[in-house]
Protein chains: 2
Amino acid sequence: MAPPLSPRPLSNILLMSLVPVASWFVVRPLLDPVPPLPALWASVGFSIFAFIATLYLVPALGPTFVMKANLKGKDLLKVYSDPIPESQGLVCASIYILLLILFIPFPFSTSIASLSGGGSKIEGLLGAASLHHELSVYLSSLLSLLMATLLGFLDDVFDIRWRHKLPIPLIAAIPLLMVYYAEGGNTHVVVPIPLRPFLGLLVNLGPLYYLYMSLLSTFTTNSINILAGINGSEVSQALIIAISVIVNDLLYLPWPFDFRIPMHLLGNQIEVEVGGAWHAGMAYGSSELVGRHLFSLYFMLPLVGVCLGFMYHNWYPARAFPGDTLCYVTGMAFSVVGIQAHFSKTLLLFFIPQIFNFLLSCPQLFGIVPCPRHRVPRFVPDTNLLHPSKTVFGKRPPTRLASLILRIFATLGLTELTVDPTNGVILEATNLTILNFLLLRLGPMNEKKLVQVLICTQIAGSVIAFVIRYGLAGLVYDGDRR
Amino acid sequence: MAPPLSPRPLSNILLMSLVPVASWFVVRPLLDPVPPLPALWASVGFSIFAFIATLYLVPALGPTFVMKANLKGKDLLKVYSDPIPESQGLVCASIYILLLILFIPFPFSTSIASLSGGGSKIEGLLGAASLHHELSVYLSSLLSLLMATLLGFLDDVFDIRWRHKLPIPLIAAIPLLMVYYAEGGNTHVVVPIPLRPFLGLLVNLGPLYYLYMSLLSTFTTNSINILAGINGSEVSQALIIAISVIVNDLLYLPWPFDFRIPMHLLGNQIEVEVGGAWHAGMAYGSSELVGRHLFSLYFMLPLVGVCLGFMYHNWYPARAFPGDTLCYVTGMAFSVVGIQAHFSKTLLLFFIPQIFNFLLSCPQLFGIVPCPRHRVPRFVPDTNLLHPSKTVFGKRPPTRLASLILRIFATLGLTELTVDPTNGVILEATNLTILNFLLLRLGPMNEKKLVQVLICTQIAGSVIAFVIRYGLAGLVYDGDRR
């Protein structure tokens, strides 16, 4: 067996074959005839570059993190204790944001379009007037991402306690909120059909809308952060959510070919037929909606590139750890697209496992049930298997509320209790996380298997999300415009 | 004598009296009647907040830097060796950027103006169309500042070697360049009168203009960084340059009263009479020029606040060190205003001491003369005085080029050589920095005196800059429009 810390091998053939492909995608919008949605081609190219850069830079920079800045961690669930580079999310985030900045001229410059000889007509998507506006929105998103990166890295360097870091994403969201306000952003939301007799079609949330936006960023960031602890868990969550958002975005693009979504299978009356430029899929020809989902793709495609590249090194047994930086940046990226492209409700549907994990964790997060420093599963070196870890009620027996909650959770199969046979008092309970829950229900398994199960859970969550969004949402919303 | 590391005392009366003043300035634009240039009032308020926040947060956060992240330094020019918090520029930069973000709605939102009941008329400075454009420019500047902060902090954490860090500001300037390009930025420059017969009134630099912008940011950042080494040197340079830029900006504002600049004293034929709203000082009624200098003020005023607050703690004997972060952020701030407000040539005039120091340093920077790790003056504990430090030619005698340069410098009084009396070979030379030059010319002095001399030099440089800009520039430029 190779020593655990040797970086994973990289093939030069991969590098040599991917660079030309990526370059071609980036250059394609400049060549005649200009393809439809030229900036999207460039975005795909940049995403491949993001993948390559992450793949090669993480192992190249890792030793510097360990040596120069003492940013290293011990893998808690391994027999060896070699130091592993921490905070590699910083490398990912830097690549991601730098590429997003270099991407700016493609969607937001009329010069690019005119370079290709096609005149200054760029797809009719964005008029010159709204171009400046769109650019402001894009830049404010970058600012928030960069703040999330800086704050995430500070968290790694200063090792901020988790109770203190919960509100950090609020700070990173400030640029989003400020620009949304300065640009006179819409604070109206569509009211679900059953409530319309009371509230009307639209209701203006006003300042509450800003509260909602800041809470969204706090949720997306922290919910990924608390579902952590095993190799590959953070990055695989981010990857699946990003892919889900991309699939959703693709539904709204003006496809050149016809396709038909079998909505009747999902209980909808209407068949959705999609096709032809500007038919724009689910956007029903609304160029505004196409623009929003393009915006989302510009952020999600490179994120997938970065996550895939990093996952190679973070996969069991991990050669690099993401640190908090990765959770901050991916969480903020999801908030950005949810807010700016106006599909935050759909976005939250892709967080079903995170919501489940959050609700399950609440008793421990709010101190009703004791919360040890680490809630990761327990590693048994002899069998190489993970078992559910436990929180122990020491001298202080559980309060009435804690006992009640734990007994309900135990009845639902969410936790397993150890009870004093003499008096029925709870002595121990498995920690309230989705990882321990999965181990409890599916039996002990090794770390690699567990992360695979987690990925499957995330994918299943996304499938359910699509069913809810495009099947059931028709019951409470019409028009499918958000 | 108090132990050196005890933070400097802060008066609560100062805090209690400044907070209401700052709040009043911030709220003033919202009150009827709306003052002229409402956002400028808010900017002054935010700058006072920047001062207060820096003053109180630097000592509050310093111990965390030392304990948690090992970011501490020993003061080389002191008898004691207590650890002093390093990288406090990060605190300054965070306060600065966060306040600039919170400031966004004041100049860029029509809602603020309408809040005050004055309708949506905001000064006529910015039409709604150019508002989005201006916001993009502002946001790209913030992105560059934030990248400079992150990179500066990484430099502090990873302790990057100076040869490797020279190009770092280029990366931080990328957002500026990208947005400048996407917005179809002007790459024409006005040709000096003597060259006009050959080049015409305007010449399009094209890509060279982008090169110029990136080199400007590299210069402003690194030139402050290499003029460092004694308590208060970095922050005082930044402070004087920022104040100089502000004075220059004020000349272009629409003052409600008449004033007259005695230009004939500076050799100009025309008297400059200034007065009345929209007469706009040197802007001669050009609202575009007023807008640019307002933009510059929005960045420079809070920078002065931050620098003043930090200077209190960095003053001899220093209780906090700026780290590279402060140099990166202040340097980038100067580049931002120089580029975005189109007065980069004027800006460079305020860098006369830095240009002198850079030219003087070149033989050491480019390896012609050996460059020791630290070129700070030599501290003599017995007298508490600083003397010029020396670079020693060890076994390798100086090359011909080095000897030639050093002899010329010595003739000009810029360095002092120690020569082998037997064969005339140079054995030692004082290090080629402005600090050693000042000590050489003015004799040994203590650290506090030296930084005071440095400040006077910087002020003298700014006075010369104004004379050149408004006196002599009339010989090579007309119209005074850039």
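Residues numbered from 1 in each chain as written. Chains lettered and ligands numbered in written order. Predicted model: local features only at pLDDT ≥ 70, side-chain atom pairs only at ≥ 80, totals over all residues. Heavy atoms only, no water.

### Description of the overall build of chain A
What chain A contains, in helices and strands, is 19 helices and 11 strands. Relative to its full complement of 482 residues, chain A shows a buried share of 57%. Within chain A, residue pairs in contact and separated by at least 24 positions form 73% of the contacts whose partners lie at least 6 positions apart. Accessible surface, chain A: about 19,900 Å² in total, of which carbon and sulfur atoms supply 68%. (Helix = DSSP H or I, 4+ residues; strand = E, 2+ residues; numbered from the N terminus. Buried < 20%, exposed > 50% of the residue type's maximum accessible area, 1.4 Å probe, protein only. Contact = heavy atoms within 4.5 Å. Areas by Shrake-Rupley, 256 points an atom, 1.4 Å probe, with all protein chains shown as cover.)

### Description of the interface of chain A and chain B
Many authors give the size of an interface as the accessible area that is lost as the parts come together. On the chain B side, the residues contacting the 42 residues of chain A number 42 residues. Here chain A meets chain B over a buried area of about 3,600 Å², counting both sides, of which 81% is carbon and sulfur. By the criterion of area lost to chain B, the three top residues of chain A are Leu 143, Leu 150 and Phe 158 of chain A, representing 17% of everything that side buries. Where chain A packs against chain B, one counts 0 salt bridges. The tally of links between chain A and chain B comes to 5 residue pairs in polar contact (both at pLDDT 80 or more). For the side of chain A that touches chain B, the secondary structure elements donating two or more residues are α2 (38-69), α3 (89-102), α4 (105-108), α5 (110-115), α6 (128-158) and α9 (174-182) of chain A. No other element matches the 17 residues that α6 of chain A contributes to the side of chain A that touches chain B. For the side of chain A that touches chain B, a count of residues per class yields 31 nonpolar, 8 polar and 3 charged. (Buried area = accessible area lost by both parts, 1.4 Å probe. Salt bridge = Lys/Arg side-chain N within 4 Å of Asp/Glu carboxyl O. Polar contact = N/O pair within 3.5 Å; in protein donor to acceptor, adjacent residues only side chain to side chain. Nonpolar A, V, L, I, M, F, W, Y, C, P; charged D, E, K, R; others polar.)

### Quick look at the relation of the copies chain A and chain B
Two copies of the chain are present, and they differ by a rotation about an axis and a shift along that axis. At an RMSD of 0.1 Å, chain A and chain B line up after a rotation of 180° and a shift of 0.0 Å along the axis. These values place the two chain copies in the arrangement generated by a two-fold rotation axis. Every residue of chain A has its C-alpha some distance from the rotation axis, and the shortest such distance is that of Ser 136 of chain A, at 2.4 Å. The residues that chain A uses at the interface reappear at the interface of chain B in 100% of cases, marking a shared surface. (Least-squares fit on C-alpha atoms with pLDDT ≥ 70 in both.)

### Description of the sheet that holds strand β9 (residues 390-392) of chain B
Residue and element names in this part refer to chain B. Strand order in the open sheet made by the 3 strands is β9-β11-β10, with antiparallel pairing throughout. Of all strands in the sheet, those with a lone pairing partner are β9 and β10 (417-419), marking the two edges. The mean inter-strand angle of the sheet, taken between neighbouring strand axes irrespective of direction, is 20°. On top of the sheet, helix α16 (residues 400-411) reaches β10 and β11 (426-430); it is set at about 50° to β11, its chief contact. (Pairing = 2+ DSSP bridges. Axes fitted to C-alpha atoms, helices over the stretch in contact; angles between N-to-C directions.)

### Observations concerning the pairing of β11 of chain B
All names here are of chain B. Pairing analysis gives 3 bridges linking β9 to β11, with the strands arranged antiparallel. The residue of β11 that forms the bridge with Lys 390 is Thr 430. Pairing between β10 and β11: 3 bridges, direction antiparallel. Bridging from a neighbouring strand, Val 419 pairs with Ile 426 of β11. In this structure, the hairpin formed by β10 and β11 is closed by a connection of 6 residues, where Gly 424 is found at a positive phi of approximately 75°.

### Topic: the side chain of Asp 249 of chain A
Residue and element names in this part refer to chain A. Along the chain, the position of Asp 249 falls in helix α12 (residues 233-250). Buried and without a salt bridge, Asp 249 has Arg 469 as its closest oppositely charged side chain, separated by 10 Å. When neighbours within four sequence positions are excluded, Asp 249 is seen to be in contact with His 293, Ser 296, Leu 297 and Phe 343. (Lys, Arg positive; Asp, Glu negative; His and termini not counted.)

### Looking at the pattern of salt bridges
Going through the model one piece at a time under the given rule, you end up with 11 salt bridges over all chains. The salt bridge partner of Lys 78 of chain A is Asp 75 of chain A, with a shortest N-O separation of 3.1 Å. For the residue pair Lys 78 of chain A and Asp 75 of chain A, the accessibility class agrees, reading buried in each case. Of the charged contacts in the structure, one is a salt bridge between Glu 447 of chain B and Lys 78 of chain B, with a shortest N-O distance of 2.5 Å. With Glu 447 of chain B in helix α18 (residues 447-476) and Lys 78 of chain B in the loop between β1 (72-74) and β2 (83-85), the pair connects residues that are 369 residues apart, well separated along the chain. For Glu 447 of chain B, a relative accessible area of 3% puts it in the buried group. Residue Lys 78 of chain B is classed as buried on the basis of its relative accessible area of 8%. Residues joined in a network through salt bridges with shared partners are Asp 75, Lys 78 and Glu 447 of chain A.

### Let's talk about the sheet that holds strand β11 (residues 426-430) of chain A
Sheet strands line up and pair through hydrogen bonds in the backbone, either parallel or antiparallel. Residue and element names in this part refer to chain A. Reading across from one edge, β9-β11-β10 is the order of the 3 strands in this open sheet, with antiparallel pairing throughout. Unpaired on one side and paired on the other, β9 (390-392) and β10 (417-419) mark the two borders of the sheet. In this sheet, adjacent strand axes meet at a mean angle of 20° when their direction is disregarded. Sheet strands touched by helix α17 (residues 400-411): β10 and β11. Its angle to β11, the strand with the most contacts, is close to 50°.

### Focus on the packing of aromatic side chains
We describe a pair of aromatic rings using the distance from one ring centre to the other and the angle between the two ring planes. Per the counting criterion, the structure on display carries 45 aromatic pairs over all chains. Judged by centre distance (5.8 Å) and plane angle (25°), the rings of Tyr 180 of chain A and Tyr 209 of chain A are stacked. Here Tyr 180 of chain A, found in helix α9, pairs with Tyr 209 of chain A, found in helix α11 (residues 207-226); they are 29 residues apart in sequence, far enough to count as distant. What makes Tyr 180 of chain A buried here is its relative accessible area of 8%. Residue Tyr 209 of chain A is classed as buried on the basis of its relative accessible area of 7%. Measuring from centroid to centroid gives 5.1 Å for Tyr 138 of chain B and Phe 299 of chain B, while their planes differ by 50°, and the two rings are tilted. (Phe/Tyr/Trp six-rings, centres within 6.5 Å; stacked < 30°, edge-to-face > 60°.)

### Considering the domain arrangement of chain A
All names here are of chain A. Split into domains, chain A comes out as domain 1 (21-369 + 450-475) and domain 2 (378-445). Domain 1 puts 21 residues into the contact, and the matching count from domain 2 is 22 residues. Summed over both sides, the interface of domain 1 with domain 2 buries roughly 1,900 Å², with 80% coming from carbon and sulfur. Taken together, domain 1 and domain 2 are joined by 0 salt bridges. Ranked by residues supplied to the side of domain 1 that touches domain 2, first place goes to helix α16 (residues 352-365) with 8 residues. Class assignment of the residues belonging to the side of domain 1 that touches domain 2 gives a composition of 16 nonpolar, 4 polar and 1 charged. (Domains from an automatic or database assignment.)

### Overview of the confidence of the model for chain A
All names here are of chain A. Residue-level pLDDT values for chain A average 86, and 88% of them are 70 or greater. Segment residues 115-126: pLDDT under 50, and 30 contacts once partners within four positions in sequence are set aside and those in other chains are kept. ipTM for the predicted complex: 0.89, alongside a pTM of 0.90. (pLDDT = per-residue confidence, 0-100.)

### Considering the nonpolar core
Membership of the largest hydrophobic core comes to 209 residues, with the highest contact counts inside it found for Ile 104 and Phe 299 of chain A together with Ile 104 and Phe 299 of chain B. Here this core takes 17 residues from α6 of chain A, the largest share from any one element. (Core = buried A, V, L, I, M, F, W, Y, C linked by side-chain atoms within 4.5 Å.)

### Concerning the environment of Leu 10 of chain A
Residue and element names in this part refer to chain A. Tracing the chain through its elements places Leu 10 in the segment before α1 (12-27). Along the primary structure Leu 10 and Tyr 56 are separated by 46 residues, whereas in three dimensions their C-alpha atoms are 7.7 Å apart. Sequence-distant contacts of Leu 10, that is, excluding residues within four places in its chain, are made with Leu 55, Tyr 56, Pro 59, Tyr 312 and His 313.

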